[in-house]
Structures are given as C-alpha cells and as structure tokens.
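Analysis of the macromolecular model
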Amino acid sequence: MKATQVLADGYGRIREVVHEAVEGLSAEELNARIDPHANSISWLVWHLTRVQDDHVADASGLEQVWTAQDWAARFALPLPAEDTGFGHSAKQVGTVRVDSGKLLLGYFDAVHEQSLGFIRSLAAADLERIVDEGWDPPVTLGVRLVSVLADDLQHAGQAAYARGVLRRR
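The structure contained in this document is the topic of the report that follows. (Residues numbered from 1 in each chain as written. Predicted model: local features only at pLDDT ≥ 70, side-chain atom pairs only at ≥ 80, totals over all residues. Heavy atoms only, no water.)

Topic: the environment of Ala32
- Inspection of the secondary structure puts Ala32 in the loop between α2 (27-31) and α3 (41-60).
- Leaving out residues up to four positions away in the same chain, Ala32 has contacts with Ser40, Ile41 and Leu166. (Helix = DSSP H or I, 4+ residues; strand = E, 2+ residues; numbered from the N terminus. Contact = heavy atoms within 4.5 Å.)

Let's talk about the side chain of Asp53
- Secondary-structure assignment places Asp53 in helix α3.
- Among the polar contacts made by the side chain of Asp53, one reaches the main-chain amide nitrogen of Val65 at a distance of 2.8 Å. (Polar contact = N/O pair within 3.5 Å; in protein donor to acceptor, adjacent residues only side chain to side chain.)

Some remarks on helix α7 (residues 101-120)
- The end-to-end C-alpha distance of α7, which contains 20 residues, comes to 27 Å, matching closely the 28 Å that a straight helix rising 1.5 Å per residue would cover.
- Two to three positions downstream of the cap, the backbone nitrogen of Lys102 sits 3.3 Å from a side-chain oxygen, assigning the N-cap of α7 to Ser100. (Expected span 1.5 Å × (residues − 1).)

Considerations on unusual backbone geometry
- In this structure, the amide linkage connecting Asp136 to the following residue, Pro137, adopts the cis form with an omega of 5°.
- Looking at the secondary structure, you find Pro137 in the loop between β1 (130-132) and β2 (139-140).
- At Asp70, a position not held by glycine, the phi torsion is positive, near 65°.
- In this structure, Asp70 sits in the loop between α4 (65-68) and α5 (71-75).
- We classify Asp70 as partly exposed; its relative accessible area is 44%.
- Phi is positive for Ala76, which is not a glycine, with a value near 50°.
- Here Ala76 is to be found in the loop between α5 and α6 (90-94). (Buried < 20%, exposed > 50% of the residue type's maximum accessible area, 1.4 Å probe, protein only.)

Side note on the nonpolar core
- If you look at the biggest cluster of nonpolar residues, it comprises 48 residues, and the most contacted ones within it are Tyr11, Ile41, Trp46, Phe75 and Leu145.
- Residue assignment for this core shows that the elements contributing at least two residues are α1 (3-22), α3, α4, α5, α7 and α8 (141-168).
- Dropping the residues within four chain positions of it, Ile41 is found in contact with Ala21, Val22, Leu25, Glu29, Leu30, Ala32, Ala159, Ala162, Arg163 and Leu166. (Core = buried A, V, L, I, M, F, W, Y, C linked by side-chain atoms within 4.5 Å.)

Examining the packing of aromatic side chains
- Using the criterion set out here, one finds six aromatic pairs in the structure.
- Sitting over the ring of Trp71, Arg74 keeps its end group 3.8 Å from the ring centre. (Phe/Tyr/Trp six-rings, centres within 6.5 Å; stacked < 30°, edge-to-face > 60°. Lys NZ or Arg CZ within 6 Å of the ring centre and 35° of its normal.)

Examining the pattern of salt bridges
- Tallied over the entire structure, the rule returns five salt bridges.
- For Arg15, the salt bridge is made with Asp109, and the minimal N-O distance between the two is 3.3 Å. With Arg15 in helix α1 and Asp109 in helix α7, this residue pair connects regions lying 94 residues apart in the sequence.
- Between Asp53 and Arg50 there is a salt bridge, with the nearest N and O atoms lying 3.6 Å from each other. Of this pair, Asp53 and Arg50 both sit in helix α3, three residues apart, which is roughly one turn of that helix. Here the two residues Asp53 and Arg50 agree in accessibility, since each one is buried. (Salt bridge = Lys/Arg side-chain N within 4 Å of Asp/Glu carboxyl O.)

By themselves, these observations are geometric and do not establish any function.
Take a look at the structure:
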C-alpha cells in the first residue's frame, strides 16, 4: 500500500466519524453546548473542516473551498473569512451556529473531495517537500497531512462524544 493510499484511507475515516456525529441531529442539537464553555457539534465540525481546508489548500496551492465555493457567505458567520476557529474564546465558539447538518456536511464533503483529489495526485516523493519552515525541523507535506488527519479525528471524536451526551439527556 502506498503512503498516499494510507493518507486517503485516514481522511476517509474522518468523513465517516463526521457524518455519524452530524446526521439526524436538529439545529438545536448541533448548536447545543454541554456546558457554557464547551464546543458545540457545529463549532467542532466547522473548525475541523476549516483547518483541513486551510492547511491542505495552502500545501496544494489551491484556493480554499471556503472562499472558492462561497461557503463563507452560505454560513454567514460574524467572523473574518480567514478565521479557522483556532484559539476561539467561549464567546466566539457560540457565534458558530447552523440551521441544519446539511450545511455542515455540504462544506465538509466539498473540502474532503478537494483534499482527497490532492492526496491521490501525490507521489511518495512529494511527501518530503517542505511546506512550512516556521518550525524546527521544517514541516514536510507528509507531516502536515498527518497533523491535519490527527487534529480532525480528535475533533470529530469530540463531536461524536457530544452527540452521545446530548442524545442521552
């Protein structure tokens, strides 16, 4: 199995968890917070998708799906278009609200398709390319893609946990 196939499989697992966490929930459930400082499912899925979109677009040289496909306007959040949710306060988390899971999953699926297209286009040698010299050691494309994979799976798992808690209430 090639490294790019392993990455594609991993990104597919993010999609599975995200869909399981979101599908069938009402807007109230998606936007609910377990406590006033907790992240909602809406915020978690929006954030993990924004991070993937931002990081993979940067590494691939593609425009972010968020702006290229006008998702920023569809979400109409009171946040700057470049915001990914990194470092959000509890108040900022509360501003990320959706009317349905369809919006969240539509954006996620569009980003997922762009990411998979990029990953599938790579050769093993491409994974050694330096994409961020701001770290010591500099970050390779392979490390960046694994970093996004790990971060997204953590947030998807948090969304799945929140779903379970909300459904048991």
